[in-house]
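# A look at the structure
If you want the building blocks of each chain, they are given just below.
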Amino acid sequence: HAQDGSVVRLKQLGKDKIAVPLKQGTFCARLISDRLVWDDGDIWIRAQGRAPFDGRWTHRTQPGIIQLIKGETLHGPDGSEVPVMALGKSRMAIQLKGTTHRATLRSDELLWDDGDVWVRMQGRELFDGRWTQKKSHVSTEVIVGDTILRPDGSEVKITPQGENRFAMQCDGEVYSGQLVGDQLVWDDGDTWVRKEGSRAEVDTSFLTWQSYAASDQGSGDEDILLSGWERELHGLKTVLRKNKLVSISLICAPLGFFAFWFSWTPQSVFTWNILALLPMSWLIGKATKVGATLCSDAVGRSLNVHSGSALEVLTCLACIKQGQVIMVQYLLVGFMLSKLLLILGVALAWAGAFSSKLVFAHEGSRIQGSLLLLSVLSIMLPTAHGMLSPRSEVIADISRGFVFLLLSLYLQLLMFSSGNCVYMCASAQEDREDQEQDSCVDGRKRNEDIDKKREHLAEMSPTMAIIVLVGCLGLSFCCLQYLFWSIPGAVSSWRVSDGFIGVIVLPLVCVSTQQGPAIVAAGRSQVGQALSLTIGSACQTALLVTPLAVLAGWSVGMEVTLNFHPFQALALLLATLVTSNVLSGGESNWLEGTALVASYMVVATCYFFWLGVSIEAL
């Protein structure tokens, strides 16, 4: 029997298993203790019966004073606790300051022997219901009586501390909350909002179930009314509604197409198409995260890591199709410089704003730095060979041999990282804390991972994620082709160098949205994670994207080699050495972060006045 009065027949599949046929399909559930665990991830909790004296009581003469009786304890408005002695089904006694007071239960009133009368608060418990965080709306917490039911099925006990207030202990910390209207305001600044119409009532019947699930995170009731492609589109609409800037930016894609088809100025074609890459890049990352939630931790982590490289490879492929070999080299240099100097510098400076000393696991950064230095060496040697023997015809063969070496190193890095993830990614401070904390820390991390997975799956289904991923990759490739076609005209019109467009502007657009999580992690003092994302992404560019670009040029008969311009190779070498020096000691600060950003500005200034090989000569 549902709350709306509808009746659904159950099918008994065994001693502890049932099935429920609904319009959306048949759902199966298994009874585990006092929980019904459904195959779609939903969990129903059996509402336990209430003792005769349990509940919230107000003084008839002083309604503002609220007493809470739970089991054998009376919780006073000042946070005090007094044992309750049951003298029968309808009689009880308490002892205060050496004096015993007795009360008789009549209907919903407690009649005390001193003439005082307590009245049971009718209806629902004050805190009962489903609650979501006001800022993120990610996880759904269910409060039933004196228990908070977490999304992963764990339970946290709450202790009343007076009128509209209670406290809970989680991960060794005590948090206090106060009920203000339909909001729970916590002393740590967090705010929970009660979901409208979802207040949970602790029924005296043992056959009443309180349900909570990941589907509660959002418009679950609205999803039930939808079916097929309507539900898939509804998930995409939800994502776009929550990110209005992305929704507005999507208009740049058709404008970029129209600018090319209707022969607008090269500046217009360039501007609209480069702006269209921003929302496309964000949606590619979002769709990849949804797919990662359906895979194992190792595979999901690999998908998330490679989502940023996908757009970089796509950019190089579009450039190769336009026949702009020099621009491919500009892009590869720009990708690595922007990550090693700009993104890493901003992350350190942002993290240093909250802590004067930044500590991280330098071993993982040292390994990745060594691989970066080796990849730069693979660029320096062909460049030096080309300078000493400009007419040599073996540069292409040397480059192709080197890229296979780089690809093999990248595969070895993946194998090493999969077995040493904590060693490669975690900060030193986080490692020490993990050794000191008990198992509740691991439970909290699991809860966060579950919340993130539920957030992604609630917003976008796997089917829609695949459609969005393929569609955005296709649209991005078209926008990139139009963009590269317009670069010569835009460069001559704006009087800027093609090196500035290839090394600074385009990499910033491709990297900015993908490296956003690194900046966010740095702001949360997770320096180890920020460094892992940034340095790891730079390693991908050097060990994966660069070899793929050379092989792609080889496959279409174009000599995309590792014979870069000497200035580009020198800039890469210096950037790698500076970054390795900053990360070598396992400690850093905000000043070193700003120094990296300043170094990037120096390189950007040089390329703004770049007088190297012009793209028009290609």
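Residues numbered from 1 in each chain as written. Predicted model: local features only at pLDDT ≥ 70, side-chain atom pairs only at ≥ 80, totals over all residues. Heavy atoms only, no water.

For the chain, the count of helices and strands is 18 helices and 25 strands. Looking at the chain as a whole, 45% of its 618 residues qualify as buried. Residue pairs at least 24 apart in sequence account for 64% of intrachain contacts in the chain once pairs closer than 6 positions are excluded. Surface exposure of the chain reaches about 30,600 Å², of which carbon and sulfur atoms provide 58%. (Helix = DSSP H or I, 4+ residues; strand = E, 2+ residues; numbered from the N terminus. Buried < 20%, exposed > 50% of the residue type's maximum accessible area, 1.4 Å probe, protein only. Contact = heavy atoms within 4.5 Å. Areas by Shrake-Rupley, 256 points an atom, 1.4 Å probe, with all protein chains shown as cover.)

On to the pattern of salt bridges. Opposite charge on two side chains makes pairing possible when the charged atoms of those side chains draw close. With the rule as written, the count across this model stands at 3 salt bridges. Linking Glu-587 and Lys-357 is a salt bridge whose minimum nitrogen-to-oxygen distance equals 3.2 Å. Highlighted residues: Glu-587 in strand β25 (residues 587-588) and Lys-357 in the loop between α7 (325-352) and β24 (358-359), separated in sequence by 230 residues. Judged by relative accessible area, which is 40%, Glu-587 ranks as partly exposed. By relative accessible area, which is 47% here, Lys-357 ends up partly exposed. (Salt bridge = Lys/Arg side-chain N within 4 Å of Asp/Glu carboxyl O.)

Each disulfide is one covalent bond, formed between the sulfur atoms of two cysteines. A complete count under the given rule lists 0 disulfides for this structure. Among the cysteines around Cys-316, which has no disulfide bond, Cys-319 carries the closest sulfur, lying 7.2 Å off. Taking the relative accessible area as the measure of exposure, Cys-316 reaches 2% and is therefore buried. Not engaged in a disulfide, the cysteine Cys-478 finds its nearest cysteine sulfur in Cys-479; these two sulfurs lie 6.9 Å apart. (Disulfide = S-S within 2.5 Å.)

A separate point is the packing of α7 against helix α15 (residues 516-523). How two helices sit against one another is set out by the angle between their axes and by the gap between those axes. One can describe the packing of α7 onto α15 by two numbers: an axis separation of 8 Å at closest approach and a directional angle of 20°. Taken together, the axis directions place α7 and α15 in an arrangement best described as roughly parallel. Of the two elements, α7 crosses α15, and the hand of that crossing is right-handed. On α15, the residues touching Ile-343, Val-346, Ala-347, Trp-350 and Ala-351 of α7 are Ala-518, Ile-519, Ala-522 and Gly-523. Taken together, the residues of the contact of α7 with α15 break down into 8 nonpolar, 1 polar and no charged. (Axes fitted to C-alpha atoms, helices over the stretch in contact; angles between N-to-C directions. Parallel < 35°, antiparallel > 145°, perpendicular 65-115°, else oblique. Left-handed = near helix turned anticlockwise from the far one by under 90°. Nonpolar A, V, L, I, M, F, W, Y, C, P; charged D, E, K, R; others polar.)

So, on to the nonpolar core. One recurring pattern in soluble globular proteins: nonpolar side chains tend to sit buried together. By size, the foremost hydrophobic cluster in this structure holds 106 residues, and its most contacted members are Leu-337, Leu-348, Leu-483, Phe-484, Ile-487 and Leu-506. The element contributing the most residues to this core is α7, with 19 residues. Core analysis: the next-biggest nonpolar cluster, separate from the first, contains 13 residues, Trp-57, Ile-94, Ala-103 and Trp-118 among them. (Core = buried A, V, L, I, M, F, W, Y, C linked by side-chain atoms within 4.5 Å.)

With that out of the way, let us pick up the sheet that holds strand β7 (residues 66-70). Overall, antiparallel pairing links the 9 strands, which are arranged β9-β8-β7-β6-β14-β13-β12-β11-β10 in an open sheet. In this open sheet, the two edge strands, each paired with only one partner strand, are β9 (81-83) and β10 (85-86). With 2 bridges joining them, β10 and strand β11 (residues 91-96) adopt antiparallel strand pairing. Bridging across to β11, Ala-86 finds its partner in Met-92. (Pairing = 2+ DSSP bridges.)

Moving on to unusual backbone geometry. It is generally the case that most residues other than glycine have a negative phi and that most peptide bonds are trans. One non-glycine residue, Ser-263, lies in positive phi territory at about 55°. By secondary structure assignment, the location of Ser-263 is in the loop between α4 (252-261) and α5 (266-293). Even without being glycine, Arg-495 reaches a positive phi, approximately 60°. With respect to the helices and strands, Arg-495 occurs in the loop between α13 (462-494) and α14 (498-514).

The subject of this paragraph is the packing of α4 against α13. Two elements in contact, α4 and α13, have axes separated by 10 Å at closest approach and are oriented at 40°. Comparing their axes, α13 and α4 come out oblique. Here α4 and α13 pass one another in a crossing that is left-handed. Residues Gly-256, Phe-257, Phe-260 and Trp-261 of α4 lie in contact with α13, whose contacting residues are Leu-475, Cys-478, Cys-479, Tyr-482 and Trp-485. Taken together, the residues of the contact of α4 with α13 sort by class into 8 nonpolar, 1 polar and no charged.

A word on the packing of aromatic side chains. Taken as a whole and assessed by the stated rule, the structure comprises 12 aromatic pairs. The rings of Phe-257, Phe-258, Phe-260, Trp-261, Phe-262, Tyr-482 and Trp-485 are connected pair by pair, giving a single aromatic cluster. (Phe/Tyr/Trp six-rings, centres within 6.5 Å; stacked < 30°, edge-to-face > 60°.)

The terminal C-alpha atoms of α14 lie 24 Å apart, and with 17 residues this matches the ideal 24 Å at 1.5 Å per residue to within 8%. Taking the largest bend as the criterion, α14 deviates by roughly 40°, centred on Leu-508. Of all 17 residues that make up α14, 13 are buried, and the element is covered over most of its length. (Expected span 1.5 Å × (residues − 1). Bend = angle between axes of the 7 residues up to and from the residue.)

This part covers the side chain of Thr-579. Looking at the secondary structure, you find Thr-579 in helix α17 (residues 566-583). Beyond its immediate chain neighbours, meaning those up to four positions away, Thr-579 contacts Leu-340, Leu-341, Leu-344 and Ile-535.

Among the secondary structure elements, Gly-489 is positioned in helix α13. Separated by 219 residues in sequence, Gly-489 and Phe-270 have C-alpha atoms that sit 9.3 Å apart.

Let us look at the pairing of strand β13 (residues 109-112). Here β13 shows one buried face, formed by Leu-110 and Trp-112, and one open face, formed by Glu-109 and Leu-111. Once strand β12 (residues 99-106) ends, the chain turns through 2 residues before running back antiparallel as β13, passing Ser-107 with a positive phi of about 60°. Counted between consecutive antiparallel strands, the loop separating β13 from strand β14 (residues 117-120) contains 4 residues, among which Gly-115 sits at a positive phi close to 95°.

Right, let's talk about the side chain of Asp-54 for a bit. Following the sequence through the fold, Asp-54 ends up in the loop between β5 (43-46) and β6 (55-59). Excluding residues within four positions of it along the chain, Asp-54 makes contact with Ile-69, Lys-70, Gly-71 and Arg-120.

This brings us to the confidence of the model for the chain. Looking at the chain, the pLDDT average stands at 76 and 73% of residues meet or exceed 70. Ranking the helices and strands of the chain by mean pLDDT puts α4 first, with 93, and strand β23 (residues 209-212) last, with 36. Within the model, pLDDT remains below 50 along residues 613-618, and this stretch shows 15 contacts once partners closer than five positions in the same chain are excluded. (pLDDT = per-residue confidence, 0-100.)

Moving on, we get to α4. Buried residues of α4: Cys-252, Ala-253, Gly-256, Phe-257 and Ala-259, and no others. End-on, the buried residues of α4 take up no more than an arc of 160°, which puts them together on one face. Two residues or fewer after α4 comes Ser-263, characterised by a positive phi angle close to 55°. (Arc of directions from axis to C-beta.)

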